[in-house]
Amino acid sequence: MVGNFYILAFIVSFFLLYFLLNFWIGLRGWQFLGQNIPFLNKKIYWSLFWLLVFSYFIGRIAGGYLPVGLSQFILFTGSFWLAFMVYLAIALAMVDLFRALNGRLRLFYPFADNPFRQVMGALLVLLAVSGIIYFGWLNALNPIVTKYNVDIHKESGTLDKLKIVMVSDIHLGNVVHNGRLQKLVDIINEQKPDIVLLPGDIVNENPDAFIKQNMNLSIKEISTRYGIYAVPGNHDYIGGKSEKIFSLLQKAGVNVLRDRSVLVANSFFLVGEDEKSHQPNNNK
């Protein structure tokens with residue numbers, strides 16, 4: 001009972017904070033941009049804004065009742081808004097701090113008194129944030145392979161060396177779709193790995209996109225000498241379909257290690273620990 005109360009309190013606090021943060025962003029957007037554009041209606045502005053703000057949750061809740069393409073579009077849009085929200089909040093906090101300091105020090109002409117400067121300032125913030133998001137998106141589309149050489153001065157059966165490829169936080173779903181997964185598989189295979197490790201957050205909360213896009217077939221294309229091993233992350237649990245996700249990964253050839261170890265090549269043990277926040281509490 002107490003546990004349910006804390007869960008409910010967390011959910012209420014989260015959505016209250018989410019609402020207040022987005023209301024502040026929306027209010028600043030209207031003050032700097034909306035009210036200075038004659039053809040932009042205030043009711044239309046706020047309706048579209050709140051639709052954007054809650055698009056991710058709408059996609060998650062109503063996704064099963066909507067056409068697949070529309071559901072994916074809503075989730076895709078909502079996912080990008082979450083990133084925009086973070087950087088817009090940072091940018092607007094810096095703008096508000098600058099305005100407060102400038103109001104005291106009068107170093108620059110107050111742009112709040114000039115509608116044209118308000119619009120230009122708002123567009124500059126939007127352009128800067130969009131640039132950051134776009135750069136991050138390009139960076140995500142083009143993974144960089146970082147190589148490390150690790151010397152372990154211990155015997156390990158018959159192995160003299162081992163080439164490990166580790167890929168974390170893939171978040172397979174509607175945003176990281178099968179096309180991007182296939183590109184990642186090609187990069188992995190180019191490394192000619194002996195073993196592949198996937199340390200958490202493999203599927204992004206819901207396995208529906210994984211199933212519909214046949215991502216299991218792409219994973220099966222990964223070529224290794226000793227197999228693919230994974231441990232769960234919090235996003236593999238969040239959607240409440242973790243067992244389905246782990247089953248799909250196992251069928252795709254991924255060995256999911258949850259608080260267990262496995263002997264690899266009769267030379268070393270690989271140990272996988274389950275995501276701690278979802279382990280049962282045995283100390284009651």
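What this report covers is the structure whose coordinates are included nearby. This one's a predicted model, so the numbers in the text were calculated from it and none came from an experiment. (Residues numbered from 1 in each chain as written. Predicted model: local features only at pLDDT ≥ 70, side-chain atom pairs only at ≥ 80, totals over all residues. Heavy atoms only, no water.)

## Digging into the sheet that holds strand β1 (residues 164-166)
Taking strand neighbours across the sheet as the criterion, the four strands line up as β1-β2-β3-β4 in an open arrangement whose pairing is parallel. This sheet does not close on itself; its edge strands, each paired only once, are β1 and β4 (254-256). If you compare each strand with its neighbour and ignore which way they point, the axes differ by 25 degrees on average. Sheet analysis places strand β2 (residues 195-199) next to strand β3 (residues 228-231), joined by four bridges and oriented parallel. Note that in β3 the partner of Leu197 across the bridge is Tyr229. (Pairing = 2+ DSSP bridges. Helix = DSSP H or I, 4+ residues; strand = E, 2+ residues; numbered from the N terminus. Axes fitted to C-alpha atoms, helices over the stretch in contact; angles between N-to-C directions.)

## Some details on the nonpolar core
Formed by 27 residues in total, the largest nonpolar core has its most connected members in Leu172, Leu198, Phe210, Ile219, Leu249 and Val254. When contributions to this core are tallied by element, the ones reaching two or more residues are α6 (178-190), β2, α8 (215-219), β3, α10 (242-251) and β4. Apart from the residues within four sequence positions on either side, Leu249 is in contact with Ile202, Phe210, Ile219, Val254 and Val256. Leu33, Phe49, Ala91 and Ile133 belong to the second largest nonpolar core, which has 24 residues in total. (Core = buried A, V, L, I, M, F, W, Y, C linked by side-chain atoms within 4.5 Å. Buried < 20%, exposed > 50% of the residue type's maximum accessible area, 1.4 Å probe, protein only. Contact = heavy atoms within 4.5 Å.)

## Some remarks on the packing of helix α2 (residues 42-53) against helix α3 (residues 55-62)
For the pair α2 and α3, the least separation of the axes is 4 Å and the interaxial angle reads 55 degrees. Relative to α3, the element α2 lies oblique. Taking contact as the criterion, the partners of Leu51, Leu52 and Val53 in α2 are, on α3, Ser55, Phe57 and Ile58. Tallied by class, residues from the contact of α2 with α3 come to five nonpolar, one polar and no charged. (Parallel < 35°, antiparallel > 145°, perpendicular 65-115°, else oblique. Nonpolar A, V, L, I, M, F, W, Y, C, P; charged D, E, K, R; others polar.)

## What about the layout of surface pockets?
Roughly 530 Å³ of internal volume is contained in the second largest pocket. Lining of the second largest pocket is provided by Phe10, Phe14, Phe15, Tyr56, Phe57, Arg60, Ile61, Ser79, Leu82, Glu205, His235 and Ile238. Listing elements by their share of the lining of the second largest pocket, those giving two or more residues are α1 (2-32), α3, α4 (68-105) and α9 (234-238). Of the residues forming the lining of the second largest pocket, the biggest block, four residues, is contributed by α3. (1 Å grid on protein atoms, 1.4 Å probe; cavity = no way out; pocket = protein on both sides within 12 Å on 5 of 7 lines; lining within 4 Å. Points joined across faces, edges and corners; volume = space filled by probe spheres on them.)

## Concerning unusual backbone geometry
Of note, the phi angle at His171 is positive, near 55 degrees, even though the residue is not glycine. Within the secondary structure, His171 sits in the loop between β1 and α6. Judged by its relative accessible area of 21%, His171 is partly exposed. Within the chain, Asp201 stands out as a residue other than glycine whose phi angle is a positive 50 degrees. By the element assignment, Asp201 lies in the loop between β2 and α7 (208-212).

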